[in-house]
Amino acid sequence: MTSSWPIRRPTENAAIAAAGRSERRLPPVPAILADLLTANRLGDRHGVNLCAHLVARVVEGVSDGTS
């Protein structure tokens, strides 16, 4: 049996470039904050981190291209 090692997978740079080619609308802040509270109550630290970063992106104006 022959195999090719390492198995070729998309790189992080390719994934970031692909995500940057399309506009991704962020949910409204009240929805993000509700998810943040839920994640906090459940003890989901990763969920809390993701929601907090989403709120920061909305506040900084990243979603609409203004800064």
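Residues numbered from 1 in each chain as written. Predicted model: local features only at pLDDT ≥ 70, side-chain atom pairs only at ≥ 80, totals over all residues. Heavy atoms only, no water.

### A word on the overall build of the protein
The number of helices and strands found in the protein is three helices and zero strands. For the protein, the N- to C-terminal ordering of α and β elements is α-α-α. Burial analysis of the protein (67 residues in total) assigns 9% to the buried set. Surface summary for the protein: the accessible area is close to 6,000 Å², and the carbon and sulfur share equals 58%. (Helix = DSSP H or I, 4+ residues; strand = E, 2+ residues; numbered from the N terminus. Buried < 20%, exposed > 50% of the residue type's maximum accessible area, 1.4 Å probe, protein only. Areas by Shrake-Rupley, 256 points an atom, 1.4 Å probe, with all protein chains shown as cover.)

### Points about the environment of Asp35
By the element assignment, Asp35 lies in helix H2 (residues 29-42). For Asp35, a relative accessible area of 46% gives the class partly exposed.

### Looking at H2
Along an α-helix, residues three or four positions apart point the same way, because every turn accommodates 3.6 residues. In this model H2 runs 20 Å from its N-terminal to its C-terminal C-alpha over 14 residues, within 8% of the 20 Å that 1.5 Å per residue would give. At the C-terminal side of H2, Gly43 shows a positive phi close to 75°. (Expected span 1.5 Å × (residues − 1).)

### Some details on the packing of H2 against helix H3 (residues 45-60)
Taken N-terminus to C-terminus, the directions of H2 and H3 make an angle of 160°; their axes are 8 Å apart at the nearest point. Considering the angle they form, H2 stands roughly antiparallel to H3. Viewed along their axes, H2 and H3 form a crossing whose handedness is left-handed. Residues Val29, Ile32, Leu33, Asp35, Leu36, Ala39 and Asn40 of H2 form the contact with H3, whose participating residues are Gly47, Val48, Cys51, Ala52, Leu54, Val55 and Val58. Tallied by class, residues from the contact of H2 with H3 come to eleven nonpolar, two polar and one charged. (Axes fitted to C-alpha atoms, helices over the stretch in contact; angles between N-to-C directions. Parallel < 35°, antiparallel > 145°, perpendicular 65-115°, else oblique. Left-handed = near helix turned anticlockwise from the far one by under 90°. Contact = heavy atoms within 4.5 Å. Nonpolar A, V, L, I, M, F, W, Y, C, P; charged D, E, K, R; others polar.)

### Topic: the confidence of the model for the protein
A residue-level look at the protein finds 76% of positions with pLDDT of 70 or above and a mean pLDDT of 81. The least confident element of the protein is helix H1 (residues 12-20), whose mean pLDDT is 79; the most confident is H2, at 95. (pLDDT = per-residue confidence, 0-100.)

### Considering the environment of Asn40
Along the polypeptide, Asn40 turns up in helix H2. Separated by eleven residues in sequence, Asn40 and Cys51 have C-alpha atoms that sit 10.0 Å apart.

### Let's talk about the environment of Ala52
By the secondary structure assignment, Ala52 is in helix H3. Exposure remark for Ala52: the relative accessible area of 35% places this residue in the partly exposed category. With 17 residues separating them along the chain, Ala52 and Asp35 place their C-alpha atoms 9.7 Å apart.

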